[in-house]
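Structural overview
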Amino acid sequence: METNKPYRIDFWLTLVIGSLLVLLVITLGFSFFMAIFNAQLNSRKEFLNKQTELASRGIELEIRRFEEESKELINYLEDPNHELDDYDEEFTYAVRRLFNSFPQLVDTVWVDMMDSVLVFNKNDRTEFFRTQSDKGFPSTDEKRFSNLILGKKGFRVLYSLDLVSYAKEYVMNYYLNPGSGKFLIYDDRLIPLNNNSIQIQASKIADLENDLALGLKGFYEASWQRNDEETSGIIAQYPFSFVLSSESGAMVFAVPAESLTSGIYQTYFFLFLGFVALLIFTVGFFVVSLKNNLEFQRTQEANIQEISELFDQQNLLLQELKGFVYFHDAKGQITRISDEVRDILGMEPHEFRSAFKEESDNVEVQNLRAIIFQALNEKKDLVDFEYDFVMPDGKRIRLKVFEKLIFNASGRFNGGMGICTDITDTYQSRIKLIESENRLRTLIGNIPDNIFLYDNDSRVIDFHVQDKEELEEPSRQTLGKSLQEFVPHGQTEVVLEAFYKAREKRSIQTINVKWESPNGERHFEMRFFPLDAEKMMSISKDITTQKIWEKGLVDAMNAADQASKAKSDFLANMSHEIRTPMNGLLGIIDLLEQTKLNTIQQQYVDIIKNSGNMLLGIIKDILDYSKIEAGKVEIFNEVFDPMQELENQAQILSGLANKKDIAFNFQSDSKQDFLAQGDKVKINQIFLNLVGNAIKFTPEKGKVDVSVGLEQISGDAYYINCKIIDTGIGISDEHLEKLSEPFYQIDSSATRNYQGTGLGLAIAKKLIELLGGDLAISSEKGIGSVFEFSVLVKKVEKDSLKTDKKELSWAEVKEMGETHPLKILLTEDNDLNLQLMKLMLNQLGFQYEVARNGEEAVERIKEQDFDIVLMDVQMPIMNGLEATDEIRKLPKKKDLVIIGLSANVFDEDQMKAIESGMDDYLTKPIRLAVLAERLEHYYKKIIEKRKK
């Protein structure tokens, strides 16, 4: 029940609203009906009033006309030109004419001839009589309606008039509704003029007479008796003057009210009732009908507007048409010619007619006649042709003639009518279009691509192929077929999708397809695009050669990638294998330096240490260049003072210069503090490399000048400019061009004076370019060289500078284990590296335990707690990365510090270590000071966590 409640509410709400709408429509309809009713009623009243006025004015004018014409008889009698005989037939004819002009008005005419009295009248059968009166001339007092005309010579004419009969005859021309009455008020009497039984009340007649006495027209609502029944209606009265007696009369029309409203109720009220019934039972149909009606009216108005516009366009076309119209007879002679011939042909109309005369020998006219006669022989009725015409001023124009040949009913030729238009502009455009089409055809004929034309259903309707021998016949077989009927299987869906997408989006869609041909597999690039609303086009380009080239390029790239990977793997393995023994060599040297050595022993240690560092530098250069070449170098920006930093590096290099007794000068043009953001390490590497080379290749007693400065580019962007001038051996132009190439050396012989890999300058140049700068080299052999470079940095505020951490002294390193006690697990499989790490940890004074592989390390950590794990990466059974991952899974071991140890120095190796869960990563050879600094760093973090 509750579920149906909303529906019942909606039903009653709809019913109430519908009922109110119906009542509103009925009310509006009734109001509309009453408005129409009142308008019709007022219109009929106005019509009645107008009819009365016209009848009254009309009869007054007729009586005035009679007054004028009645004087003609006296004039006739007193005319001195008339003989006595004329008074017989001609006078009788004049009287008869007067009777005929005013039927029913003139009853009898008496004429006093001074010696006799003539009497003229008509009987009921309208027979005219002329008699002589034996009673003499009557007195006007004897006649109620009469008109006496007195002549100057004694003649008299008396007209006896029947005004009532005349009025009855006259008002028959004025229509009133059935039941209406027509009356004449004259001589204080209301005289009926038609057959009616209306009896107007005396009081209302008195009102009519009062208004008549004042000369006013009237319109009255009244009631009267008709057939003993009370009837209400409207009375209209309009006065007129009876000039013959100087009295006034009035025409009165009375119309019953039912007569006024007759037809209105029947026409409108019953139609309204039918409309209401139709509205109640067929509301929907009415709405649809109304909508259709409005749509029809809108369409009709649109059609009318379109037709109107069409007519306007046609009129404009006719006005703008450069042509003239002509007509000629069967002999070919011009009968009519429009004036436009003057503007079109430059000839006057009479000159044009003369040219077409029969005796004319004009050549062009003869040719035109020949065309007309040929059409007649071929039984044509239309002639349409073009020809060139030379105007009198020598200008050549192109004319188009269209003529209709005219024949009579028997089929005989009567002539023709035609229009001649100047189509010079159109003709020239047509010629240009033909030339353009020919060029287009020539272009298409020379396009190497295949062109196909389709309808919107992808059916082929035309084609063009360049390879006629191989593709002509297969293409012809596709005519009338849709794409899905001949596209190779496996490509149909892709091809159709591109076709319909191009059609819907009205844009080019490109796909690659593969076709099998007698000569093997061929590849095409197909472009689908809409040509117009009804047609589509595709252009197919043969890309088989390109595909073959791309495949070869891909193969070459794969081979290059494999070679690069093999090279990287080789360098990584080489670095690892070299760094492992170097780790032992340099590590033991660091420990050896902490022992008491005599002077000779210290020299030996220095030689070993320098040789190891040199070998390590060579390895580093090779790996750096490999990373640069592979595009794997990253920029690490930090805030520093570039001028101070380069000055510090110059002080380091000055020691090398002093050993060779070289005058070394460093100059900075920046007198104020300047902080910049950039890759400090790489800038130092470039500076050390280039200045180091200058010192290296400058002989003793030589000179090296270094100057650095800042150059603002825009805003916070600056260049660090550095210029290095030396008095070294110099470089010839031949070697200068190749100097920055990798592994290139000016002297590569076994007896060369200067050692090196030839990578330093190449690395510096690559790094400079990576930092947004440029390297310029100029040199003269035997005199010296100039190296100039610039790198891009960004200026920052002073508060952005972070204070560098103070380096540990050797005394602090030796006391590390005592000041920072840590429990360390050392995981290392290599005996040499294990022995070295033990010595280092012993030197530092730390307690430690040893695990020989990752699996053993995991077990040790499960058994006891450690502060730090030194984890070698490459180990048997379980490597360091796997072991770290397992340790992180152990409960309460997520915060255990794990530092990776590896001879792999590539960035991706370090990233793998961090991703596996290691906290830090140290590359071999591991230096004692670096190890001590890292252990101190993590000791402080561990202490901070314990305090929390």
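For the protein, an unreviewed UniProt entry supplies the name Sensory/regulatory protein RpfC and the organism Algoriphagus ornithinivorans. Under the UniProt heading Catalytic activity (unreviewed entry), the entry covering the protein gives this text: "ATP + protein L-histidine = ADP + protein N-phospho-L-histidine." Taken directly from UniProt, the Subunit (unreviewed entry) text for the protein runs: "At low DSF concentrations, interacts with RpfF."

We now examine the overall build of the protein. When its secondary structure is counted, the protein shows 28 helices and 33 strands. For the protein, buried positions account for 39% of its 948 residues. Long-range contacts, defined here as pairs at least 24 residues apart, represent 59% of the contacts in the protein between residues at least 6 apart. A total accessible area of about 56,100 Å² is found for the protein, and carbon and sulfur atoms account for 52% of it.

Let's shift gears to the nonpolar core. One recurring pattern in soluble globular proteins: nonpolar side chains tend to sit buried together. Counting residues in each nonpolar core, the largest one holds 47 residues, and the members touching the most others are Leu73, Val109, Val111, Phe120, Val157, Tyr159 and Leu184. With 6 residues, helix 4 (residues 163-171) is the single largest residue contributor to this core. The residues contacting Val109, other than those within four sequence positions of it, are Leu73, Phe99, Leu118, Val119, Phe120, Val157, Leu158 and Tyr159. Ile662, Leu690, Val691 and Val708 belong to the second-largest nonpolar core, a separate cluster that totals 35 residues.

Turning our eyes to something else, we now look at the sheet that holds strand 4 (residues 146-150). Read across the sheet, 5 strands follow the order 3-2-1-5-4 without closing on themselves; strand pairing throughout is antiparallel. Every interior strand has two partners, whereas the edge strands, strand 3 (128-132) and strand 4, have only one. In this sheet, neighbouring strand axes are inclined to one another by 15° on average, regardless of whether the strands run parallel or antiparallel. In the sheet, strand 1 (residues 106-112) pairs with strand 5 (residues 156-161) via 6 bridges, with the strands oriented antiparallel. For Val106, the partnering residue across the bridge sits in strand 5 and is Leu161.

What follows covers the confidence of the model for the protein. Where the model shows low pLDDT, its predicted coordinates should not be examined in detail. Scored by pLDDT, the protein comes out at a mean of 76, with 73% of its residues at no less than 70. Highest mean pLDDT in the protein belongs to strand 31 (residues 868-872) (91); lowest belongs to helix 22 (residues 810-814) (48). The low-confidence segment residues 807-811 (pLDDT under 50) makes 8 contacts with residues lying over four places distant or belonging to another chain.

Here the focus is the layout of surface pockets. Computed from the structure, the second largest pocket encloses a volume of approximately 460 Å³. In terms of lining residues, the second largest pocket is bounded by 21 residues, among which Phe452, Leu471, Pro474, Ser475 and Trp515 are the most central. When contributions to the lining of the second largest pocket are tallied by element, the ones reaching two or more residues are strand 17 (450-455), helix 13 (468-476), helix 14 (483-486), strand 19 (509-517) and strand 20 (520-530). Class assignment of the residues belonging to the lining of the second largest pocket gives a composition of 13 nonpolar, 5 polar and 3 charged.

Take the environment of Val897 next. Relative to the helices and strands, Val897 resides in strand 32 (residues 897-902). Spatially, the C-alpha atom of Val897 lies 7.4 Å from that of Met918, the residues being 21 residues apart in sequence. What Val897 contacts, discounting residues up to four positions off in sequence, is Asp867, Ile868, Val869, Asp919, Tyr938 and Ile942.

This part covers the pattern of salt bridges. Throughout the structure, instances matching the rule amount to 30 salt bridges. Measuring nitrogen to oxygen at the nearest pair gives 2.4 Å for the salt bridge that ties Asp661 to Lys701. Placement of Asp661 in the loop between helix 18 (642-659) and strand 23 (663-668) and of Lys701 in the loop between helix 19 (680-696) and strand 25 (703-714) is noted, with a sequence separation of 40 residues between them. The exposure class assigned to Lys701 is exposed, which follows from its relative accessible area of 67%.

Positive phi, normally seen in glycine, also occurs at Asp661, with a value near 55°. Judged by its relative accessible area of 40%, Asp661 falls in the partly exposed class. The phi dihedral of Lys892 falls on the positive side, at around 65°, and the residue is not glycine. With respect to the secondary-structure elements, Lys892 resides in the loop between helix 26 (880-889) and strand 32. Classification of Lys892 by relative accessible area gives exposed; the value is 84%.

Turning our eyes to something else, we now look at a nonpolar patch on the surface. Together, Leu21, Leu24 and Leu28 line one region of the surface with nonpolar side chains, adding up to about 300 Å² of accessible area. Assignment of secondary structure puts Leu24 in helix 1 (residues 5-70). Relative accessible area serves as the criterion here: at 46%, Leu24 is assigned to the partly exposed category.

A ring pair, where both rings are aromatic, is described by two values, the distance of the centres and the angle of the planes. If you walk through the whole model with that rule in mind, you get 18 aromatic pairs. Note on Phe499 and Phe528: the rings are 5.8 Å apart at their centroids and 85° apart in plane angle, and the pair reads as edge-to-face. Placement of the pair is Phe499 in helix 15 (residues 492-505) and Phe528 in strand 20, with a sequence separation of 29 residues. Residue class for Phe499 comes out buried when judged on its relative accessible area of 0%. Between Phe674 and Tyr718 the ring centres are 4.9 Å apart and the planes differ by 65°, which places this aromatic pair in the edge-to-face class. Of the two residues, Phe674 sits in the loop between strand 23 and strand 24 (676-678) while Tyr718 sits in strand 26 (residues 717-726), which places them 44 residues apart along the sequence. The exposure class of Phe674 is buried, given its relative accessible area of 5%.

It is worth spelling out the pairing of strand 26 at this point. Here strand 26 shows a clear split, with Tyr718, Ile720, Cys722, Ile724 and Asp726 buried on one side and none of Ala717, Tyr719, Asn721, Lys723 and Ile725 buried on the other. As judged from the 10 bridges shared by strand 25 and strand 26, these two strands associate in the antiparallel manner. If you follow Asp705 over to strand 26, its bridge partner there is Ile725. Linking strand 25 to strand 26, which pair antiparallel, is a turn of 2 residues; within it Gly715 sits at a positive phi near 60°. Two strands pair when backbone bridges link them, and strand 26 and strand 28 (residues 784-795) are joined in this way by 10 bridges, in the antiparallel orientation. By the bridge assignment, Asp726 is partnered in strand 28 with Ser785.

Burial analysis of strand 10 (residues 229-242) places 10 of its 14 residues in the buried class, which makes it a mostly covered element. Both strand 9 (residues 218-226) and strand 10 contribute to a ladder of 9 bridges, which runs antiparallel. By the bridge assignment for strand 10, Ser223 is matched with Ser232. Between strand 9 and strand 10, which pair antiparallel in sequence order, lie 2 residues; one of them, Asn227, sits at a positive phi of approximately 55°.

Here is what the cut-offs are and how they apply
- Residues numbered from 1 in each chain as written.
- Predicted model: local features only at pLDDT ≥ 70, side-chain atom pairs only at ≥ 80, totals over all residues.
- Heavy atoms only, no water.
- UniProt positions renumbered as here; feature names shortened; annotations may be inferred.
- Helix = DSSP H or I, 4+ residues; strand = E, 2+ residues; numbered from the N terminus.
- Buried < 20%, exposed > 50% of the residue type's maximum accessible area, 1.4 Å probe, protein only.
- Contact = heavy atoms within 4.5 Å.
- Areas by Shrake-Rupley, 256 points an atom, 1.4 Å probe, with all protein chains shown as cover.
- Core = buried A, V, L, I, M, F, W, Y, C linked by side-chain atoms within 4.5 Å.
- Pairing = 2+ DSSP bridges.
- Axes fitted to C-alpha atoms, helices over the stretch in contact; angles between N-to-C directions.
- pLDDT = per-residue confidence, 0-100.
- 1 Å grid on protein atoms, 1.4 Å probe; cavity = no way out; pocket = protein on both sides within 12 Å on 5 of 7 lines; lining within 4 Å.
- Points joined across faces, edges and corners; volume = space filled by probe spheres on them.
- Nonpolar A, V, L, I, M, F, W, Y, C, P; charged D, E, K, R; others polar.
- Salt bridge = Lys/Arg side-chain N within 4 Å of Asp/Glu carboxyl O.
- Patch = residues over 30% accessible without salt bridge, like charges linked within 9 Å, V, L, I, M, F, W, Y side chains within 5 Å.
- Phe/Tyr/Trp six-rings, centres within 6.5 Å; stacked < 30°, edge-to-face > 60°.

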